[in-house]
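Chain by chain, the residues:
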Amino acid sequence: MSTSWIRACGIDDIDDGEAFRLDTVPPVSVFRSGDEFFCLDDTCTHEDYSLADSWVEDCTVECPLHQAKFCLRTGAVLAQPATRPLATHEIKVEGTDIYVRIDREREEHREEEHREGAHHGAA
Amino acid sequence: MFDIADLVQPDKGLIDPSIYTDPEIYQAELANVFARSWLFLAHDSQLPKKGSFLQTYMAEDPVLVVRQRDGSVKAFLNQCRHRGMRICRADEGVAKAFTCSYHGWAYNIAGELVNVPMEDRAYHNEIDKSQWGPRQVPRIHNYKGFYFGTWDDEAPSFEEYLGDMAWYFDAMADRYDDGLELVPGATKWVIDANWKFAAEQFASDMYHVPISHSSGFVALFDDPEIRALAAGALAAPGRQFSGNGHGSGFGLRPDLVPDPAGPDFDAFLIERREEIYRRLGEQRALAVYGHNTVFPNFSWLATNNTMRVWHPRGPGRIEVWSWAYLPKNAPEEAKRASRLNTVRTFSPAGVFETDDGENWTEVQQVLRGHIARQTTFNAQMGLGHEQRDLDGMPGRTAGDMFTEMAGRGMYQRWADLMSGLSWQEIAELDKRRREQEEAKQS
Ligand code: FES
Ligand code: FES
Ligand SMILES: [Fe+2]
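Predicted model only: the values in this text are computed from it and were never measured. (Residues numbered from 1 in each chain as written. Chains lettered and ligands numbered in written order. Predicted model: local features only at pLDDT ≥ 70, side-chain atom pairs only at ≥ 80, totals over all residues. Heavy atoms only, no water.)

K.L.:
For this particular structure, what's the right way to read the sheet that holds strand β10 (residues 113–115) of chain B?
P.N.:
In a beta sheet, neighbouring strands are held together by backbone hydrogen bonds and run either parallel or antiparallel to one another. Residue and element names in this part refer to chain B. The strand order β8-β9-β10 describes an open sheet built from three strands, whose pairing is antiparallel. Of all strands in the sheet, those bounded by a partner on one side alone are β8 (97–99) and β10. Mean inter-strand twist for the sheet, computed between neighbouring axes without regard to direction, equals 35 degrees. Bridging between strand β9 (residues 106–108) and β10 involves two bridges; their strand directions are antiparallel. If you follow Tyr107 over to β10, its bridge partner there is Leu113. (Pairing = 2+ DSSP bridges. Helix = DSSP H or I, 4+ residues; strand = E, 2+ residues; numbered from the N terminus. Axes fitted to C-alpha atoms, helices over the stretch in contact; angles between N-to-C directions.)

K.L.:
Hey, could you run me through the packing of aromatic side chains in this one?
P.N.:
Any pair of aromatic rings gets described here by the distance separating the centres and the angle formed by the planes. Residue and element names in this part refer to chain B. This model, assessed by the stated rule, comprises 33 aromatic pairs over all chains. Geometrically, the ring pair formed by Tyr57 and Trp321 is edge-to-face, given 5.9 Å between the ring centres and 90 degrees between the ring planes. Of the two residues, Tyr57 is situated in strand β4 (residues 52–58) and Trp321 in strand β20 (residues 318–327); the sequence distance between them amounts to 264 residues. Like Trp321, Tyr57 is buried. (Phe/Tyr/Trp six-rings, centres within 6.5 Å; stacked < 30°, edge-to-face > 60°. Buried < 20%, exposed > 50% of the residue type's maximum accessible area, 1.4 Å probe, protein only.)

K.L.:
Please explain the sheet that holds strand β21 (residues 377–378) of chain B as it appears in this structure.
P.N.:
Residues and elements named next belong to chain B. Taken in spatial order, the three strands of this open sheet run β1-β2-β21, and their pairing is antiparallel. In this open sheet, the two edge strands, each paired with only one partner strand, are β1 (8–9) and β21. Examined bridge by bridge, strand β2 (residues 14–15) and β21 share two bridges and lie antiparallel to one another. Bridging from a neighbouring strand, Ile15 pairs with Phe377 of β21.

K.L.:
Please clarify how the pattern of salt bridges should be interpreted in this entry.
P.N.:
Any two side chains of opposite charge can pair, so long as their charged atoms come close to each other. Residue and element names in this part refer to chain A. On inspection of all chains with the given rule, the structure shows 38 salt bridges over all chains. Here Arg7 ties to Asp97 by a salt bridge, and the two come within 2.8 Å at their closest N and O atoms. Of the two residues, Arg7 sits in strand β1 (residues 5–10) while Asp97 sits in strand β10 (residues 97–101), which places them 90 residues apart along the sequence. Overall, Arg7 belongs to the partly exposed group, its relative accessible area being 46%. With relative accessibility at 21%, the residue Asp97 sits in the partly exposed group. (Salt bridge = Lys/Arg side-chain N within 4 Å of Asp/Glu carboxyl O.)

K.L.:
Would you mind showing me how to read the interface of chain A and chain B here?
P.N.:
A common way to report how large an interface is uses the accessible area buried once the components associate. Each partner contributes to the interface: chain A provides ten residues, whereas chain B provides 15 residues. For the pair chain A and chain B, the summed buried area comes to about 990 Å², and 48% of that belongs to carbon and sulfur atoms. We note a salt bridge from Glu18 of chain A to Lys50 of chain B, for which the minimum N-O separation is 3.5 Å. Where chain A packs against chain B, one counts four residue pairs in polar contact (both at pLDDT 80 or more). The class makeup of the residues in the side of chain A that touches chain B is four nonpolar, two polar and four charged. (Contact = heavy atoms within 4.5 Å. Buried area = accessible area lost by both parts, 1.4 Å probe. Polar contact = N/O pair within 3.5 Å; in protein donor to acceptor, adjacent residues only side chain to side chain. Nonpolar A, V, L, I, M, F, W, Y, C, P; charged D, E, K, R; others polar.)

What follows is the structure, encoded as C-alpha cells:
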C-alpha cells in the first residue's frame, strides 16, 4: 500500500466547481471549491457514480443521481440517500502542483472510529 | 383504408379535407412524414454550455437534446428503457446526469445507462447496461446554429433535403455577422386545429393577410401613414418560392426600413445595412423577409421575428412552441423593440396570432360535419403560373406573393411520403418534375 505523496494534477487543470479524477483503485478525485482543493474517494457511497462528474459548491459535493451530499472537508454525509461517509485523503498544493497521499490503512482506522462513534451515540 | 392519390391532387389544386381529421391518416403521418423527415430540435443559443439540455418533441416523440463535453449535440428519446417513464421532466437546464424519477435508472448526458439502483441485489449483476440506453436520434445536423434531427437513415443529407430553400433560410439565419439568438424559453400553447393548416399557411399564404388581419392593423397602428405603409407593402409586387415541400413568400421591399419593430430597430438596421447587404446581397436582404416553412413543421416570420414548431397532437390539435429570435449583440433598445413586436403580433395573445388561430380552429370545427369532411377544398390559386429561378431567386418561383404554389408543393411532398415512396423514388420523381418545368419555361 502506497503512502507516498503523488502528483495529482496542476491547479489550472481544475476550474472552480469541477473535479479531477485519478484512476487509482478505488478511484479518488481532487475537488475544487473556490480556491480550496480537496481529495476524497470518487465513488458515491449510495449507488455507483463518479463524483468527479457532480455538483461542487460551498465545500460540498452533490451526487446528481439521487442528490446525496457530502462535506468536502470531512467526507461526512450532509444529505440522504447516502449513509456512509466518503474517505478523505491528504492533499497539498506546492506552487502550481497538487499532491495527494492515499493511505487506506489510516482510513480503515477512521472508519472504525466512525462506526464505534455511531454505536456509542445510539446507546 | 385511404388512397393518398384521391385525397390530395397538387397538380389540380384539390384537397380532400379528411386529411385534416382522419385518425388513421394521422397515424400514417407520424410514421411516413415525421419519422422520415428532418425536424427542428434546437438553436445553438439554447444550449450554451456542456450539459445544457432541453426537452422537445419530434412530432409526438419526446426527445432530450443535450450539449456534450466536446461541444457537439446529441438527442435521444426521453423515455426510460425500464418501464418507459420520461427520463427528464425539466423543460431545460444544465445536467450532469438524468435520473428516472420512477425507479431511478440513471443516464449520463450522452444517453448511456450508467446506474440501475440495487444492481447487485435486484439484478444479480446480470444486466448489461450498455444495451439499455434510450433510443438515440441517429442523425443530427447543425445548419448555421440550427440543429435538425431525423430518425431515418435513408433520408437525404440535410442540405439536400433543404435544397433551394437554403437560399431563403439563409436570409434569416445568415443575416448578421454575429448570428442570432432565441429569447430564452419557448412560449407554448395548444390550439384545436390540424398542424397542416399552420404549416401550409406559413409556407404559402399571404392571401389571408389583408382580410384576416385588417382589424389587427387598425388596432396596432393609429397612425394612418403607417397603415398606408402596410397597405402599400401588400400592394407592392412579391414573390413566392416552393421546393422539397418548403415554402417562402414575401413582398419586394424598397428599403430595409421602416421595420414593423419600430424606430429603435430601424436605427439598428440602418447601422448594419452594409453588413446585411454584404452577407445576403441587396436584393435578397430586401425581399426575403416574409413567411416561411421548412417541411414539415418548422416555420418563421421575418417581419415579426417569430419562429415556431407545430408539434402535432392528433389530427385536430397542435401544440405550438414559439420563440422570438433576435440579432445577437444588437443594442438593448433594438432587442427590446424586436421582442415587443413579437409579443404584440405573434404570441398566444398576439394580435395576428389570434386571427390565424381563430381561422384554423374554426375550419377544424366545421370539419366535424359529416358532409363538410367530404367536400373538396380549392388550392388552385396561381396554378399553371409557376416559373423557375425568377429574378435569380433559385427554385420554383412565382411572380406574385398571392399564390398557393408553395402549399401545393407542401402537399406534393406530403403525398409522396405518405404513399410510402422511398427517398430515392421521391428524388427521381422530383427530378422529372423539375425537368418538365424547365422544358416548359424555355
Ligand atoms: S448514487 Fe449518489 S446519490 Fe445515489
Ligand atoms: S421506468 Fe425508469 S426506472 Fe423504472
Ligand atoms: Fe396570419
